[in-house]
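Here is what each chain is made of, one letter per residue.
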Amino acid sequence: MKLSRAPEVANPFIVFRSVESLAGLTRRAALLGAMTLPAGCTAMFPVRGTKLRAAARSSGRFFGAAVQAEQLRNDSLFRGVVAQQCDSITPELELKWGVIEPAPGRPVFAQMDQIAAFARTYGLRLHGHTLLWHQSVPGWASQSMVEAKDWNIVGRYFAPVMARYSDVIDWWDVVNEPIEATEDGSGDCLRRSVFYEAFGPDYIRSALETARAIAPRAKLLINDYGFEYSGKDEQFRRKGLLALVDALQRRAVPLDGIGLQAHLDLSREPLDQMGLATFLKEIADRGLLIQFTELDVREADRSLPIPLRDQAVAEAARALLDVVLDQPAVRGISTWGLSDRYSWIDVDPDGRRHIGRNRGLPLDVEMQPKPFWHALVEAFSGRPSTGARAAAVIFDQGQET
Ligand code: XIL
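All figures in this text were calculated on a predicted structure; none of them were measured in a lab. (Residues numbered from 1 in each chain as written. Predicted model: local features only at pLDDT ≥ 70, side-chain atom pairs only at ≥ 80, totals over all residues. Heavy atoms only, no water.)

S.K.: Pulling in residues and values, what's your account of the environment of P138?
M.R.: For P138, the location among the structural elements is in the loop between β3 (125-133) and α7 (139-148). By relative accessible area, P138 is classed as buried at 4%. For P138 and W97, which are 41 residues apart along the polypeptide, the C-alpha to C-alpha distance reads 6.6 Å. Once residues within four sequence positions are removed from consideration, P138 is found in contact with W97, G98, E101 and P102. (Helix = DSSP H or I, 4+ residues; strand = E, 2+ residues; numbered from the N terminus. Buried < 20%, exposed > 50% of the residue type's maximum accessible area, 1.4 Å probe, protein only. Contact = heavy atoms within 4.5 Å.)

S.K.: Could you give an account of the pairing of β3, naming the residues involved and the relevant values?
M.R.: Within β3, nine of the nine residues are buried, which leaves it mostly tucked inside the rest of the structure. Two strands pair when backbone bridges link them, and strand β2 (residues 88-91) and β3 are joined in this way by two bridges, in the parallel orientation. Within β3, the residue paired with S88 across the bridge is R125. Examined bridge by bridge, β3 and strand β4 (residues 169-176) share six bridges and lie parallel to one another. By the bridge assignment, L126 is partnered in β4 with I169. (Pairing = 2+ DSSP bridges.)

S.K.: Go over the packing of aromatic side chains with me, naming the residues and quoting the values.
M.R.: A full pass over the atoms with the stated rule returns 10 aromatic pairs. Taking the centre distance of 5.0 Å and the plane angle of 50° together, the rings of F118 and Y122 count as tilted. With F118 and Y122 both in helix α6 (residues 110-122) and four residues apart, the pair spans about one turn of that helix. Residues W151 and F199 carry aromatic rings whose centres are separated by 4.9 Å and whose planes lie at 75° to one another, so their mutual orientation is edge-to-face. In this pair, W151 is assigned in the loop between α7 and α8 (152-164) and F199 in helix α9 (residues 194-199), connecting sequence segments 48 residues apart. Judged by its relative accessible area of 19%, W151 falls in the buried class. Following the ring pairs from residue to residue traces out a cluster consisting of W97, W140, Y157 and F158. In this arrangement the basic side chain of R237 is found over the ring face of Y225, its NZ or CZ atom lying 4.1 Å from the centre. (Phe/Tyr/Trp six-rings, centres within 6.5 Å; stacked < 30°, edge-to-face > 60°. Lys NZ or Arg CZ within 6 Å of the ring centre and 35° of its normal.)

S.K.: Hey, could you go over the layout of surface pockets for me, with residue numbers and the actual values?
M.R.: Of the pockets and cavities examined, the largest pocket occupies roughly 730 Å³. Lining the largest pocket are 34 residues, with W133, E177, H263, E294 and W344 positioned closest to its centre. Looking at the lining of the largest pocket, the elements that each hand over two or more residues are β3, α11 (232-250), β7 (263-265) and β8 (289-298). Looking at the lining of the largest pocket residue by residue, the classes come out as 10 nonpolar, 10 polar and 14 charged. (1 Å grid on protein atoms, 1.4 Å probe; cavity = no way out; pocket = protein on both sides within 12 Å on 5 of 7 lines; lining within 4 Å. Points joined across faces, edges and corners; volume = space filled by probe spheres on them. Nonpolar A, V, L, I, M, F, W, Y, C, P; charged D, E, K, R; others polar.)

S.K.: Requested: an account of the pattern of salt bridges, with residues and values cited.
M.R.: Under the counting rule described, the total for this entry stands at 24 salt bridges. Between R57 and D87 there is a salt bridge, with its nearest N and O atoms 2.6 Å apart. One end of the pair, R57, is in helix α2 (residues 52-58); the other, D87, is in the loop between α4 (76-85) and β2, and 30 residues separate them in sequence. For the salt bridge of R205 with D202, the shortest nitrogen-to-oxygen distance reads 2.9 Å. Note on R205: relative accessible area 22%, which makes it partly exposed. Looking at D202, the relative accessible area reads 28%, which means it is partly exposed. (Salt bridge = Lys/Arg side-chain N within 4 Å of Asp/Glu carboxyl O.)

Right, dumping it as structure tokens:
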């Protein structure tokens, strides 16, 4: 594992010594030389026994979760849980173009640097989410891309961001959510985003080639949602994504894998396990790796007793995990948040937050494991995958229990 760190960035987590009293962090922190433990500290972390990270490793995979810098800054319990349970963290907001470069040529790295410092301190990997996403493009960039149709606008944004975190980011979601099916599945099933408008369908090839040139060793992904159910839309979306992959591969475009978001929804029909298994095989047969990048579960009926709700969430997760962990090309699973204390599903469109309203993540608001957490541990533990293990060496594969 690479241990290099960005020397010019102050590490704000050095001051949060209390987190180091959490069980299991001693070895990692000592390895990194980042901090010392206060004498006589006691383990405070409420999740005892097997860790998700260890269970994932026993399956040759990694486990990750999306986090925000603010959550890490302000919540020491959450910090400890993330450091203890995860191999990898995904910045939920901080790496998106709209956040990084609100004004042209003046990137703002402060929030992202905090997440990167946390990852470096605890030896976690960072998932590079995301370079091109139609929902987070600064206004100035949309305008100049469409007007000037100059790819250098994109290249000038990729270069400093990818270079700055090259020591901790191994995987990049280079293009996020490029697929959008028409009602009858006709056409190329590519979203008519601002990138498409400015550069045509070739923007995906250009993005991957630019990313490869800047980060030759990173794994480059296309990340998207909406493949898990049996509806027509999902079928068209699967077909559209495979057609896109085929077109890219015909032109030898650098693409290492596919990220599947997996935002599950209990108001939908049951998961299409057969269809999903076939789809994963079709991706794997094309020589690509797979990550599940944003797993969470939106509840349908929040009036039920909590044990029933948690059971339903866990069952949905288990139905997915049972399929995906049978596929050796699946290298890791990340949840979109780790605790119900922080879930994007609890934020209304007007920005109002209802903490713990939805119970769709592995830990509850008190950081206690729920049936979803146990479903993950059990699913990982039951499925050692030698194929995946061989390729998971980009993560520290030290033994843990
Ligand atoms: C979401 C964040 O969770 C929200 O906090 C933010 O307001 C909007 O973006 N698919 C993605 C993620 O790829 O980047 C989105 O994250 C959730 C859907």
